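Below, each chain spelled out in residue letters.
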Amino acid sequence: MIVSTNVPYNYNVLLDNMYALKRAYPFLYIDSIGDSVLGNALVYFRIGRGKKEVFYNASFHANEWITTPVLMKFIEDFCVAYTNNSTIYGYSAREIFDTVSIYIVPMVNPDRS
């Protein structure tokens, strides 16, 4: 388990989880859509390579930090299911990966204290 959902989540925890997930699951695509007002990278994850596109985001406002670990845990759960050629919520992770591109910005506002 990489992503813990029982700790207060902040930008540094996000970065630690991001690097650990990338090491464990090299097929996970990670990049930045820009920088925040304070210069923190607005990172995004892409799961899959399909034509259909879905977008999720979290932590839009400073007090909504709890939504970030939920999305980060989804990323980890999906990667585990893909690696094990199993299902996530009853759907084939491999089939989703091949037909859908899921874009996730887990922390839209990384500047909260």
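Structural data are supplied above this passage.
The structure reproduced in this document is the subject of the present report. (Residues numbered from 1 in each chain as written. Predicted model: local features only at pLDDT ≥ 70, side-chain atom pairs only at ≥ 80, totals over all residues. Heavy atoms only, no water.)

1. So, the sheet that holds strand β6 (residues 100–105)
Now for step 1: Pairing is mixed in the open sheet, where 4 strands are placed in the order β1-β2-β6-β3. The outermost strands of the open sheet, each flanked by one partner alone, are β1 (29–35) and β3 (52–57). The sheet shows a mean angle of 25 degrees between the axes of neighbouring strands, taken without regard to direction.
Now for step 2: Together, β1 and β2 (41–47) form the strand contacts of helix α1 (residues 11–24), whose direction differs from that of β2 by roughly 35 degrees. (Pairing = 2+ DSSP bridges. Helix = DSSP H or I, 4+ residues; strand = E, 2+ residues; numbered from the N terminus. Axes fitted to C-alpha atoms, helices over the stretch in contact; angles between N-to-C directions. Contact = heavy atoms within 4.5 Å.)

2. With respect to the pairing of β1
Walk down a regular strand and you will see the side chains alternate between the two sheet faces.
Now for step 1: As judged from the 5 bridges shared by β1 and β2, these two strands associate in the antiparallel manner. Paired with D31 across the strands is Y44, a residue of β2.
Now for step 2: Following β1, the chain reverses through 5 residues before pairing antiparallel with β2; G39 in that reversal takes a positive phi of roughly 90 degrees.

3. Section: the nonpolar core
The nonpolar side chains of soluble globular proteins are, as a tendency, buried together.
Now for step 1: Judged by nonpolar contacts, the single largest core of 28 residues is most densely connected at I47 and I75.
Now for step 2: Where this core is concerned, the elements lending two or more residues are α1, β2, α2 (67–83), α3 (93–99) and β6.
Now for step 3: Per element, the largest residue contribution to this core is 8 residues, and it comes from α2.
Now for step 4: Not counting the four nearest positions on each side in its chain, I47 is found in contact with L28, F74, I75, F78, F97, V100, S101, I102 and I104. (Core = buried A, V, L, I, M, F, W, Y, C linked by side-chain atoms within 4.5 Å. Buried < 20%, exposed > 50% of the residue type's maximum accessible area, 1.4 Å probe, protein only.)

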